[in-house]
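# Analysis of the macromolecular model
Below are the chains, spelled out letter by letter.
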Amino acid sequence: MDSIPSTTKTPIIPPLKTKHGRNAALLSIIPGFGQFYNKQFMKGIIFLILTVAFFSSFYSTLNWGFWGLFTLGTIPGVDHSVFLLVDGIIALLVALIGLLIYAVNIYDALNNGRKRDRGLSLNSVREQYHNLLDNGFPYLMISPGFLLLIFVVIFPILFVILLSFTNYDLYHSPPAKLVDWVGIQNYIDIFSLDLWRKTFFGVLGWTIVWTFGATTLQVAIGVFLAILVNQKDLKGKAIIRTFLILPWAVPAFISILIFSGMFNETFGVINNGILASLGIDTIPWMTEEMWSRVALILIQSWLGFPFIFAMTTGVLQSIPEELYEAATVDGASIWQKFRSITLPMVLFATAPIMITQYTFNFNNFNVIFLFNGGGPALPGQNAGGTDILISWIYKLTMTSAQYGKAAAITMLLSLVVVTVALWQFKRTKSFQEEDTM
Amino acid sequence: MKKLFTLVTMMIMVVGLLAACGPDREEPAKSGKTNDKEKETATEEAKPEKLVVWEDVDKSVALKPAIESFEKEYGIKVEFKELNMADKMRDQLRLDGPSGNGADVVTLPHDQIGQVVTEALIQELKVDDSVLNTFTDASIKAQKYDGKLYGLPKATETPVFIYNKKLMPEAPATMDDLYAKAKELTKDKQYGFIAKWDDFYFAHGVIGGMGGYVFKETDGALDRDDVGLNNDGAVEGAAYIQKWYSEGLFPKGIIGDSGGATRDGLFNEGKLASVMNGPWAFQSMKDAGIDFGVTAMPTLPNGEHMKTFMGVKGWHVTAFTKSPYWSTKLVEWLTNEENAKIRFETTKEIPPVKTVIEDPIITSDEGAKAVAEQSQYAVPMPNIPEMGEVWDPAKIALETIATGKADPKEAMDNAVKTIKTNIETNHPAK
């Protein structure tokens, strides 16, 4: 990347007589030699030194890591498969970074060789240096963050992916036993073993209802309240907004636990205080599947709307007043103004974040687990009435230590979330063009 | 063409890397073997500089005096660290053990023994019979897995009958008496007796007392294929449990995972006359200013005592220690009569040491005496890993029985079916 010329296009391509490009690229199989061939000795030496340094410092990491990654250990009690897997992933990442530099080396030699083929002059050391500073500066700046990203984000993802292809469970736990690669056996088991498959689709159904029900409701309430509070004539906006933000300010963890008490059938304030004063009979919030689900969706709406509210309020304040004035002059009704000005503006600005709300609720473990532990229990079923996929997996794996299968189901979950998110992001205008407005 | 060429060279590079791979390490199988030999000749083991103990959170007050006397006696320094026993202890050992930072001695609830032994986190103990005889039989049984001893018991606990003396001056001797009393006391948001029998931990007292069992015990080992939760006794017990709920003696509001907090709240507010709960609840009851009495659980209608689940916390020597001999010595020291007494005095945990249980310090303490008495009728929770598959299906069955959604027989049959499927699926036969 250091000497890629910014403008290599020449109007007339001269016929190629020499084959410097091919020769230089071929010689670059040993890093640096292509550059030597192009008579760029300084760069060649740097590449050569980098290569030697890479192998001398990482040889044992790579050797041990790849061996561990392939075998996952050979002697029980001495080799710790999970640690070996970790070493292996590190080796893999190091090797990838090495390959990247190697590719740059070949590309550079090829490029400069072609330049010679076309009879163009090559950059001097000084020019290369300036070139590096000018073109490479952004890369230089993001590289520490990027390296961090590799180990904080890519590394755990790789670990889960690889784990889903192992038989890691209680009976294949290091240090007593070794973990082995089992291919896609875990994925086959999830769909073929009665125990896992039976409940899977029931739980999946409720997870989808939950995701769309709870999220849509919280978004609708948030947007509605924001528009309501943003009316020009309303007095005391600051206080009203503060109150509406409060559910967000209290940690959800605590709110959910308190809600769980409030929804208690016999002692909870909802049945005893609110509903009783309205003359409504006791509702079995915690022991009837349907009512538990209703309660959960209501709670999540309460927990989630302030965020949407705050965001929408911000967007509303940035809509220019002239638009409404022009609309009034044109004789638009309030509803028309809302449909044609407010809603598109709000949705345009907030759609990406709204989508993340859906994916967030798809995996919203806290509220399900803390409210009723996924209950109430249903006869003849393995999951509770309000268990969503993530809380059900938690139960299954925590009781039987099926780490490999847990990783496999996690992969399936991520597949759903990633697909939906990507698809929606791509359809969202704000991600397509930055200057549509 | 050029791209293809670049790709090929990259492939060559990768293959080259892989070919270079291989275990260029010294053959470690030998060191494994020497390890075993070391264990056999443990008596000649050199004294280590220090031993590391992991103790439960807030319980090190009982550990400190024991450590001091151990240091004086043997001249081995002992360091300790507090970790949450229920899960942190095991998780930390899994990570720190293999990397060489693990403890020599840890404490664990006995129902985790099967699991940690399967993972080879703790090792078998070689202890003289004279030492074993100082503990109660049930507590030693709890420390055994597959017929081998893996620890020495530190403390036991089991649910007992706790009553508010203001509302119920005397504890009833039988459940029938209690039933009559509860009928009389339960009105206007006041309750006579509450037990969380939708939770299998508490419900086992009834189901076990009526003749049900989790795993059949044969020759000191538990048979995972013989699940007795739907035999006649168990179904009878389940029906008895259902009676308390269907007649409105137990409110519906205590069913489910959050019901425990509700139950404690009722008792501490003085709205509940009696409760089935463990010794861990005593302190908050005292703090709430309730004048309460404690006895063993009343006898069941069939005349049997309740077979409550007993939990045993034990001291274990980890598989990663370099001094198994001295670690075992330390475990023996921590559980000896003198240190067991100190433990009771400082933490109120009840050590299953025979002489301590008969000692006035326990017999004069109402709560401890009741726990010790109930422990005689109690059975240790099964400690085989398969037990993990029992809790949830059993809870589901009991919850549906409590809410009246299922018939006792049908619910228990379902539970056993699920348990057996789960065991077959997740625990391959050895």
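The rules behind these values
- Residues numbered from 1 in each chain as written.
- Chains lettered and ligands numbered in written order.
- Predicted model: local features only at pLDDT ≥ 70, side-chain atom pairs only at ≥ 80, totals over all residues.
- Helix = DSSP H or I, 4+ residues; strand = E, 2+ residues; numbered from the N terminus.
- Buried ≥ 20, exposed ≤ 12 C-beta atoms within 10 Å, placed from the backbone.
- Contact = placed C-beta atoms within 7 Å.
- Expected span 1.5 Å × (residues − 1).
- Pairing = 2+ DSSP bridges.
- Axes fitted to C-alpha atoms, helices over the stretch in contact; angles between N-to-C directions.
- Domains from an automatic or database assignment.
- Nonpolar A, V, L, I, M, F, W, Y, C, P; charged D, E, K, R; others polar.
- Core = buried A, V, L, I, M, F, W, Y, C linked by C-beta atoms within 7 Å.
- Parallel < 35°, antiparallel > 145°, perpendicular 65-115°, else oblique.
- Left-handed = near helix turned anticlockwise from the far one by under 90°.
- Bend = angle between axes of the 7 residues up to and from the residue.

We now examine the overall build of chain B. Regarding its fold elements, chain B presents 19 helices and 14 strands. Among the 430 residues that make up chain B, the fraction classed as buried is 52%. Of the contacts formed within chain B by residues at least 6 apart in sequence, a portion of 74% connects residues at least 24 apart.

Relative to the 36 Å expected for 25 residues at 1.5 Å per residue, helix H16 (residues 403-427) of chain A spans 36 Å between its end C-alpha atoms, a close match to the ideal helical length. The complete set of buried residues in H16(A) reads A:Tyr403, A:Gly404, A:Lys405, A:Ala406, A:Ala407, A:Ala408 and A:Ile409.

Right, let's talk about the sheet that holds strand E12 (residues 292-295) of chain B for a bit. Residues and elements named next belong to chain B. As summarised here, the arrangement of the 4 strands in space is E8-E11-E7-E12, forming an open sheet in which the pairing is mixed. Both outer strands of the open sheet, strand E8 (191-194) and E12, are each paired with one neighbouring strand and no more. Each strand axis lies, on average, 15° off the axis of its neighbour in the sheet, ignoring direction. Inspection of the sheet shows E8 paired to strand E11 (residues 272-277) by 3 bridges, in the parallel sense.

As a further point, take the domain arrangement of chain A. Residues and elements named next belong to chain A. For chain A, the domain assignment lists domain 1 (20-172) and domain 2 (191-432). A straight line from the C-alpha centre of domain 1 to that of domain 2 covers 44 Å. Each partner contributes to the interface: domain 1 provides 9 residues, whereas domain 2 provides 8 residues. Partitioned by chemical class, the residues of the side of domain 1 that touches domain 2 number 5 nonpolar, 3 polar and 1 charged.

The biggest cluster of nonpolar side chains holds 135 residues, and the ones touching the most others in it are B:Phe161, B:Ile194, B:Val206, B:Leu398, B:Met412 and B:Ala415. For this core, the element with the most residues is helix H4 (residues 81-117) of chain A, which contributes 7 residues. Setting aside residues up to four positions removed in sequence, B:Val206 forms contacts with B:Trp197, B:Gly237, B:Tyr240, B:Ile241, B:Leu300 and B:Met306. Among the nonpolar cores identified, the runner-up in size contains 36 residues, and B:Trp54, B:Val117, B:Leu125 and B:Tyr325 belong to it.

Here we take up the packing of helix H11 (residues 289-317) of chain A against helix H13 (residues 334-362) of chain A. All names here are of chain A. Look at H11 against H13: their axes get within 10 Å of each other, and the N-to-C directions meet at 160°. When the interaxial angle is binned, H11 and H13 end up roughly antiparallel. For the pair H11 and H13, the sense of crossing is right-handed. Judged by residue contacts, Gln 300, Gly 304, Met 311, Thr 312, Val 315 and Leu 316 of H11 engage Met 345, Val 346, Ala 349, Thr 350, Ile 353, Gln 357 and Asn 361 from H13. Its residues assigned to classes, the contact of H11 with H13 shows 7 nonpolar, 6 polar and no charged.

Moving on, we come to helix H3 (residues 41-71) of chain A. Along an α-helix, residues three or four positions apart point the same way, because every turn accommodates 3.6 residues. Residue and element names in this part refer to chain A. For H3, built from 31 residues, the straight-helix expectation of 45 Å at 1.5 Å per residue is met to within 8% by its first-to-last C-alpha distance of 42 Å. Residue Phe 58 marks the point of greatest curvature in H3, where the axis turns by about 60°. Regarding H3, the residues found buried are Lys 43, Gly 44, Phe 47, Leu 62, Trp 64, Gly 65, Phe 66, Trp 67, Gly 68 and Leu 69. Leu 72 sits one or two positions beyond H3 and adopts a positive phi of about 55°.

At the junction of A:Pro174 and A:Pro175, the peptide bond is cis and its omega measures out at 5° in the coordinates. Mapped onto the secondary structure, A:Pro175 falls in the loop between helix H5 (125-163) and helix H6 (185-192). Residue A:Lys39 is not a glycine yet carries a positive backbone phi of 65°. Locating A:Lys39 in the fold gives a position in the loop between helix H2 (33-37) and H3. For A:Lys39, a count of 10 C-beta atoms within 10 Å gives the class exposed. Even without being a glycine, B:Lys348 presents a positive backbone phi close to 65°.

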